[in-house]
Structure formats: C-alpha cells, structure tokens
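# Structure assessment
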Amino acid sequence: MKKQTNIEFLRSMSFTIGTRAKKPVKYLFLIMFGFITFFPVFWMFYTSLKSNQEVMMNTFSLPTRLHFENYIKAWKTAKIDVYFLNSVIVSVAAVILTTLVAAPAAFILSKFKFGMRGFIYSIFIVGMLIPMQTVLVPLFLQMKILGLLDKLLSMILSYTAFCLPMSIFILESFIRSLPDSIIEAAVLDGASMKRIFAQIVFPLSSPAIATVSILNFLTNWKEFSLALIFISKDSKKTLPLGLYNFIGAYSTDYSQLMAAMVIASLPLMIIYLILQDQIINGMTDGAVKS
Amino acid sequence: MDLIFKNKKYIFLGLFPALSLFIFFVVYPIIRSFFYGFYDWNGLSRPIYVGLANFKAVLSDKVFWHAFRNNIFIVVISVFGQIPLGLVLAVLLNDKFRGAKFFRFIFFMPMILSTVVVGLLWSTILNSQVGIVNNLLKNIGLGSLAHDWLGESGLALYSVGFVIIWQFFGLYMIILMAALQNIPKEVFESAELDGAGGLTKLFHITLPMIWSSIMASVVLCIAGGMKTFDLVFTMTQGGPAHSTDLMAIYMYNKTFETYKYGYGSAVSLVIFVLSFTLIIGSRALMSRKSADL
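Since this is a predicted model, take the numbers as computed values, not measurements. (Residues numbered from 1 in each chain as written. Chains lettered and ligands numbered in written order. Predicted model: local features only at pLDDT ≥ 70, side-chain atom pairs only at ≥ 80, totals over all residues.)

All right, on to the overall build of chain A then. When helices and strands are counted, chain A shows 14 helices and zero strands. Each helix and strand of chain A, placed in order from N terminus to C terminus, yields the pattern α-α-α-α-α-α-α-α-α-α-α-α-α-α. On C-alpha atoms alone, chain A measures out to a radius of gyration of 25 Å, which is more than a quarter above the 19 Å that the 2.2 N^0.38 rule sets for 290 residues. Expressed as lengths along the three principal axes of its C-alpha atoms, the size of chain A is roughly 80 × 75 × 35 Å. (Helix = DSSP H or I, 4+ residues; strand = E, 2+ residues; numbered from the N terminus. Rg over C-alpha atoms; globule rule 2.2 N^0.38 Å.)

Right, let's talk about the packing of helix α3 (residues 62-94) of chain B against helix α12 (residues 247-257) of chain B for a bit. All names here are of chain B. With their axes 8 Å apart at the nearest point, α3 and α12 run at an angle of 145° to one another. Here α3 contributes V63, F64, A67, F68 and N71 to the contact with α12, which in turn contributes M247, I249 and Y250. By residue class, the composition of the contact of α3 with α12 is seven nonpolar, one polar and no charged. (Axes fitted to C-alpha atoms, helices over the stretch in contact; angles between N-to-C directions. Contact = placed C-beta atoms within 7 Å. Nonpolar A, V, L, I, M, F, W, Y, C, P; charged D, E, K, R; others polar.)

Further remarks concern helix α1 (residues 8-36) of chain B. Residues that lie three or four places apart on an α-helix share one face, since the helix turns once every 3.6 residues. Residues and elements named next belong to chain B. In this model, α1 (29 residues) spans only 37 Å end to end at C-alpha, well below the 42 Å of a helix rising 1.5 Å per residue. I23 marks the point of greatest bend in α1, at about 45°. Taken together, the buried positions of α1 are occupied by Y10, G14, L15, A18, L21, F22, F25, V26, P29, S33 and Y36. (Expected span 1.5 Å × (residues − 1). Bend = angle between axes of the 7 residues up to and from the residue. Buried ≥ 20, exposed ≤ 12 C-beta atoms within 10 Å, placed from the backbone.)

The assigned domain composition of chain A is domain 1 (2-47) and domain 2 (70-289). Computed over C-alpha atoms, the centres of domain 1 of chain A and domain 2 of chain A are 38 Å apart. (Domains from an automatic or database assignment.)

Moving on, we get to the interface of chain B and chain A. Taken together, the 67 residues of chain B in the interface contact 71 residues of chain A. Looking at the side of chain B that touches chain A element by element, the count peaks at 15 residues for α1(B). Per-class residue counts for the side of chain B that touches chain A are 49 nonpolar, 13 polar and five charged.

A few words now on unusual backbone geometry. Residues and elements named next belong to chain B. Here the amide bond leading from G239 into P240 is cis, since omega sits at -10°, within 30 degrees of zero. Structurally, P240 can be placed in the loop between α11 (230-235) and α12. Even without being glycine, A241 reaches a positive phi, approximately 50°. As for its position among the elements, A241 is in the loop between α11 and α12. Unlike most non-glycine residues, Y259 shows phi in positive territory, near 55°. Position of Y259 among the secondary structure elements: in the loop between α12 and α13 (261-292). Assessed through the 13 C-beta atoms surrounding it within 10 Å, Y259 is described here as partly exposed.

Here is the structure:
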C-alpha cells in the first residue's frame, strides 16, 4: 500500500515536471505551425476585400476599405454565378443519386444470402483502389460515344459511379449492424420488402447516410479532372473548372480571383465548421480502409 | 424467413442500379481502354491495330520516365515530409489540453479546400511580383533569396512539393492520432515504471504499436503521389520546360492536346501497372519490417 502511493507520487511528480518544461515549446511549435497553415487561407479572405491596387502596393496590408464589389464583379463578370449553379446542380444530383442507388445495394449485400454476394461486394471494393487518372481517357471516350460531353449529366453519372464503392462500403457495414429481428418482425407483420426498406431500413440508416452524403458532396464539389476532360462549354463548367479559367483571363486581377476562390470555398468551409468531427472521421476512415 | 432473404427478384432489383452504373462508367471503360492501347486512333478515323507499338513508345519515351521520376520525388517527399510531420503533431495533440481541438481544426483545413483553390492560392503566394513569400523575404532584408518559385525549372518541383505537404499533412496527423488513441495508457505507465524515457517510449512502444497505421499512411502517400494531377496542373501545367511533368499530366497532354487516344490509353495502363506494383511492393516490404520489430 505504501509503495503504491510512493510510485503514484513519483509518477505525478515526473509528469508535472515533464509537462512544465515541455509546455511552452509545444505551444510555440503549434502556434508557429498553425500560423503557416492558416495564414494563406486568412490572406485569401482579406485580399479578396482589398482593391487590386492595394494588393499590388502591399501584399500584407489589411484592406483600408472593404471592397465588396470584388465579389459582385467575380459573381457577374467572371461568371462565377453560372459555375456556382452548375456545381450545386451536379454535386447535389450526384449525392442524391448515389444514396438512392447505394442504399438498396448495401441493404441487399448486408442482409440477403446469395452465391454471388462475395464476388459483387469485391467488385465494388476493388473499385476503391482504382486511381481516377487511369480512367480519364477511357471515360472520356465513353462519354464521347454516348454524346454526353459538354453535358452536366456526364459529371453527375461519373461522380455517382466513383462515389459508389465508398458509399456502399460504409452503408453495408452500418446496415449489417442493424438487428435482423427488426426486419423479421416487419416481415411477419406482412410488410412488403419495398416498405421494409423505405420505412425501416432507410430511416434507421440515416446516420450513415448523412456521413456518406456529406463526404460525397465535398468530393463532388471539389472534383476537377473529370470536369476538365468532359466540359469545354463555359455555360456547363463547375467552380473548379471555372476558377481554372482565371489563370488566363483574369490572372492579374488578384483581388477578384481571391473573391472568386472565397465564393468557391465558402460552402465547404461552412460545412466543415458545423460538421468538423463527422468530416474528419469519415475522411480518414475512408482513406485508411481504401 | 430465409426464403425472403434469398428472393432473387429483390436481390436483382436492389443491386441492378448500382452495379450497372458502376460497370458502365468504371469497369467497362477500363477494360475497353486496355484494347485501345493496341490501336492508333485519333478519335475520328478508324482505329488501326498497331500491336505493342504504343506501349513500346511509352516505355522508351524519355519525357515519360522524367515524369515518372517526378512522381517518385512527390512520393518520397510525401512519405518523409507528411508522415513525420503528421506524427509529431499527432503526438503533441494527443494529450488532451485546451486548444487541442482548435489546432486539429486548423491543421486539417487545407484538406477541405478544393485542390484548384489550393493551386491558385499558392500560385499567387509564390508569385514573384505580388506573392507573400518574396515580399516577406524583402521585408526582412533577405531580398536576395527571392525567386520565381514556380518559374525556375530548378525550383518549381520543390515548390510544388512544399504545397503538397501543406495540403495533406493534416490527413496523416488525423490517421496517426486515431492510432495513438488506441494504445492503452497502462502500457506507457508500466514502461515509465521500468524507467523508460521519452525516446525509448517513442521507439519501443509508440512506433511499433501504431506501425500498421504508419504502413497504411505510406501506402496512401504512394497512391497519392502516383496520381497527383489537379494541383500541379493548376500551378504549373508541368512546366517550366517539363520540370514538373507528372505521369498523369503527360497522359493528359498526349491524349487531349494531341488527340492520340490509343497512345493515351496505353499510358493509362502503364501508370496503373506502375502504381499497383509500387503499392504492392511497399506493402510486402513494410509487413516484413513489422515482423522484425
């Protein structure tokens, strides 16, 4: 008993000494590193509110007056309004389509018994390993043959296809964990399979569906390479592709470029602020498992 | 009850939409592109069968191998830049203290931004005229160190590498933090009783216990490094003078700038094989290492 307390005491001693010595160094390091990480983003925000002349004169200075007209110019003149709307349509449509298609497949794969189950499941899982770049050329040719180039549908369909493996993977493991007894009870009550899925399984999976939808939305909103090869018409471009145009057209109007970038990032930032934990956990889980 | 869960109609109806979308837009195009790799085709005329000529041309193109070396460079700086940095930050943020969550929020933020935004933002920051970096150097009297960070062929790849680390280190921090949280506290306590110091603990407890997560991170770095495209494409388009060319950029230029679809398909396939070999090879190597530990 005595010995125990002694050790306890020694341990707490060494703990306090250790942390006391380390604490300032640790904070200094974190603050320095946090600054390097955060400053570029912060700089993007306040540069978007400066006049371009101010940017040219002094890169670091804070805006003397808030030039919100940069946003208006970017929104209208640089056609960010068009790109924004396209991004919303494509991202939301692909998220909805992915959920509608992935959820029933996940339900079947987790609760039904059939010979091909393992094979079909592994088709999707191997799909997670395929790097997007190896599909660019084949998929471009596919869209060309289907006449879908320069149509929003090309992005909606391909984003959905690429989101399926991860979505099925997350949903399958969630639905698997739902107790069979709930479904069996509904079957005994004479409910049809359609009703069981729509009114029991689907609502019960809503936490997993929410995670999947958020992650897919982020992925779709940020996607660039597929949009780049499918779309050449200005009126069909999404935000990443539209921003890329800036390089040529408005490359010296820095404040307007920053304003356009803030507009493109704002939805992501807001979602991240609200759903930090869900996003961080979901993204890392997905990354590690694939 | 069992009969219902073996009902072929339900199984078919549930799987058909997902499976057909996935096969139609992912699996089938890949298989078909395998065949296009053997043809000379500009997208308009009839494809002409050329056997292995495309593959031979890719594998003997110096520009391609230069791009491959650049990919390897990105992989190396990812493995030796992002993972150690992520590990240090994960260890620092692992003990609960005030502000830990705030720092985690900040460090993960670059992961949330779209890659095009990151590319354009850093192009501006590294810009020789209005860029932050050069202005900072001038303000602190080191103006002689100012460079055209993305415009000088000897520097561009390093600048790009820095931005890649900036964008992704947060991911590895989070992965390793999750692994650290799984180590039981008692292990450290008993090691401390045996007189283990900070470094001993790090090398004999922490690293072996999170080794599988480090291995997963290395595989992620390799996969990420081999497929890098968006960021470099927006920052330099592979220039100046091919100095930041990557395999994916090479493929893009060959396919969509010069309309060699057959050749582009062959390049895709070569990239696929190279990446897969590297990933599998590193896995085998790492699992042997973990057996030694």
